[in-house]
Amino acid sequence: MGQYAQMEKTIPSNIGGIMGYRRNLDKYEYPDPEEIDFSKPLADLAIVGYIQNNHIIRQSSMKFYLENRSIQDMNTMKNSFGIIDSHEHVLLNTFAQSEEISQIWDKCSFDSACLLSTQGIGYITQNIKCLLLKIKYPHVYAFGGLEHYQFNRSCGKPDYLKQIKRMDALGFDGVKMIEGKPIVRQKLNKRLDDGMFDAFYSYAQDHSITITFHVADPPTFWNKELIPDWALKEGWYYGTGEYIPYRQFYEEIEGILKKHPNLKMILAHFFFLSEDINEAKRFLNTYPNICFDLTPGTEMYFNFTRDTDRWRQFFSDYQDRLIFGTDITDEDTNNLSTSNLARNFLEMDETFVAFGVNVSGLGLDKPIIQKIYRDNFLRMAGDRPKRVCIKEAIAECQWVKEYIDNLELLDLSYFDSLLYQDKDKAYYELREIEQGFIKASKSALE
Ligand SMILES: [Zn+2]
């Protein structure tokens, strides 16, 4: 019933019927407005539009845009921003869901997305999976991940330079590093600015390859009193002494940027600086080639709400340095709510409820939103996605096969070995991906 009340508040009184709504997140329904049963829960962002005099008054993220278009245009209307979601993952083990991720883009009205490989945690089929999706959806970007066992590529120590060259040849648009997440950083047991990465960072800098970097986590995760329950359950309490302190992550990133000042980096989740506006400003002022993405961490939006005026000014001052992202995955059911939170915050100029908490929207001007939704990402990742080299991708599958064959020989305590306790599952996933490449290469020849 709460939703009904909210709608009454937001629907201008001179407007006609409800055009459609989503109850299950999987499809629009277009009922007679009189027949809608508001006592049953609606999906959030339930109302998609209203009709008045044969014109659509469209609601986008709870904000109304009056568009002089006829009803017939409704299906071709997406959003007028051309949103690119810079931060998504494909995590499900079987590949049958690749259809699913494109449905999510439709649901959220995204024009394009960037798939970020989590290969850096030892999930060895991630890079090829992202590449296959890039072939299937050529308008989509993908950033590849590193591999730390260096299986069969050189003797002993990892050759990250070779790996980034390989990613470049395969057709990745950038690199994703999850290695700065505290748990991963702890297993890696190397500083992020360690000399062993130097040639890799230099290559990225010289070839203008952007790295999206997950660095640290919210500072409350180091504090037993302040850490939220859900994070504690995930095992993300870092105050035990095993993990490096919060501040050290920032030192290590500055270490990289001092050595490679022109390196293009997108620091994910606002670099976890939403509690410290001055530090966020200092960082952006000091390093002109970095951007922050606005991917939740919901805490970020709750922090922004504590001082909306100051943050609105920040978003205006740094409008060229902020990039929209959601962390949407194919195994998550909260996708639309997350996207709504991130969008409402930028677009709405009033308070809304997200995940049970009041958040104040900034109601930014459209040209600023346009930069955050699209232009800034394109500047970092390239005007259009690179093409995948299918021949190299098939060769990469062979390497992944040998890797899985020899899993027992690797020291899997190093990273998240649990991902491949079930080798059959890994082979199955690999086969599905490989068949996809073979099919693509055949149709390319036709
Ligand atoms: Zn992510």
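Residues numbered from 1 in each chain as written. Predicted model: local features only at pLDDT ≥ 70, side-chain atom pairs only at ≥ 80, totals over all residues.

1. What to know about the overall build of the protein
Here comes step 1: The helix and strand tally for the protein stands at 15 helices and 16 strands.
Here comes step 2: A burial count over the protein gives 40% of its 446 residues as buried.
Here comes step 3: Long-range pairs, those at least 24 residues apart, make up 74% of the contacts in the protein between residues at least 6 apart in sequence. (Helix = DSSP H or I, 4+ residues; strand = E, 2+ residues; numbered from the N terminus. Buried ≥ 20, exposed ≤ 12 C-beta atoms within 10 Å, placed from the backbone. Contact = placed C-beta atoms within 7 Å.)

2. Digging into the nonpolar core
Here comes step 1: Membership of the largest hydrophobic core comes to 97 residues, with the highest contact counts inside it found for Leu115, Leu131, Ala142 and Leu267.
Here comes step 2: Residues within four places of leucine 115 in sequence aside, it is in contact with Glu88, His89, Val90, Cys130, Leu133, Val140 and Ala142. (Core = buried A, V, L, I, M, F, W, Y, C linked by C-beta atoms within 7 Å.)

3. So, the packing of helix H14 (residues 390–405) against helix H15 (residues 423–445)
Here comes step 1: Following both chains from N to C, one finds H14 and H15 inclined at 165 degrees, their axes separated by 10 Å at the closest point. Taken together, H14 and H15 sit at an angle that is classed as roughly antiparallel. The way H14 lies across H15 gives a crossing that is left-handed. Contact residues: H14 offers Ile390, Ala393, Ile394, Cys397, Val400, Lys401 and Ile404, while H15 offers Lys423, Ala426, Tyr427, Leu430, Ile433, Glu434, Phe437, Ile438, Ala440, Ser441 and Ala444.
Here comes step 2: A breakdown of the residues in the contact of H14 with H15 according to their chemical character gives 14 nonpolar, one polar and three charged. (Axes fitted to C-alpha atoms, helices over the stretch in contact; angles between N-to-C directions. Parallel < 35°, antiparallel > 145°, perpendicular 65-115°, else oblique. Left-handed = near helix turned anticlockwise from the far one by under 90°. Nonpolar A, V, L, I, M, F, W, Y, C, P; charged D, E, K, R; others polar.)

4. Observations regarding the confidence of the model for the protein
Here comes step 1: The predicted model of the protein averages 82 in pLDDT, with 76% of residues at 70 or higher.
Here comes step 2: Here residues 1–26 is modelled with pLDDT under 50, and outside its nearest four sequence neighbours on either side it reaches 48 contacts, counting other chains as well. (pLDDT = per-residue confidence, 0-100.)

5. Some thoughts on the pairing of strand S8 (residues 141–144)
Here comes step 1: Both faces of S8 are covered, namely the face carrying Tyr141 and Phe143 and the face carrying Ala142 and Gly144.
Here comes step 2: A crossover links strand S7 (residues 112–116) with its parallel partner S8, the connecting element being helix H3 (residues 126–136), and its sense is right-handed. (Right-handed = clockwise from strand over helix to strand, strands pointing away.)

6. Things to note about helix H13 (residues 366–381)
Here comes step 1: The end-to-end C-alpha distance of H13 is 22 Å, a good match for the 22 Å that 16 residues give at a rise of 1.5 Å each.
Here comes step 2: At isoleucine 372, H13 is bent by approximately 50 degrees, the largest bend along its length.
Here comes step 3: Listed as buried for H13 are Ile369, Ile372, Tyr373, Asn376, Phe377, Met380 and Ala381. (Expected span 1.5 Å × (residues − 1). Bend = angle between axes of the 7 residues up to and from the residue.)

7. Quick look at the sheet that holds strand S9 (residues 174–180)
Here comes step 1: Taken in spatial order, the nine strands of this open sheet run S13-S12-S11-S10-S9-S8-S7-S6-S14, and their pairing is parallel. This sheet does not close on itself; its edge strands, each paired only once, are strand S13 (322–323) and strand S14 (328–329).
Here comes step 2: Across two bridges, the pairing between strand S12 (residues 290–293) and S13 is parallel. Looking at S13, one finds that aspartate 293 is bridged to isoleucine 323.
Here comes step 3: The strands that H3 touches are S7 and S8; relative to S8, the one it contacts most, it runs at about 165 degrees. (Pairing = 2+ DSSP bridges.)

8. Here's the deal with the pairing of strand S6 (residues 84–89)
Here comes step 1: Of all six residues in S6, six are buried; the element is thus mostly enclosed.
Here comes step 2: Relative to S7, S6 runs parallel, the two sharing three bridges. What sits directly across from glutamate 88, in S7, is leucine 115.
Here comes step 3: As paired elements, S6 and S14 share two bridges and run parallel to each other. Within S14, the residue paired with histidine 89 across the bridge is threonine 329.

9. What about the environment of methionine 348?
Here comes step 1: For methionine 348, the position within the fold is in the loop between helix H12 (335–347) and strand S15 (351–354).
Here comes step 2: Sequence separation of methionine 348 and glycine 361 is 13 residues, and the distance between their C-alpha atoms is 4.8 Å.

10. Some points on the environment of alanine 440
Here comes step 1: Counting through the fold element by element, alanine 440 comes out in helix H15.
Here comes step 2: Sequence separation of alanine 440 and isoleucine 390 is 50 residues, and the distance between their C-alpha atoms is 7.6 Å.
Here comes step 3: Once residues within four sequence positions are removed from consideration, alanine 440 is found in contact with Ile135 and Ile390.

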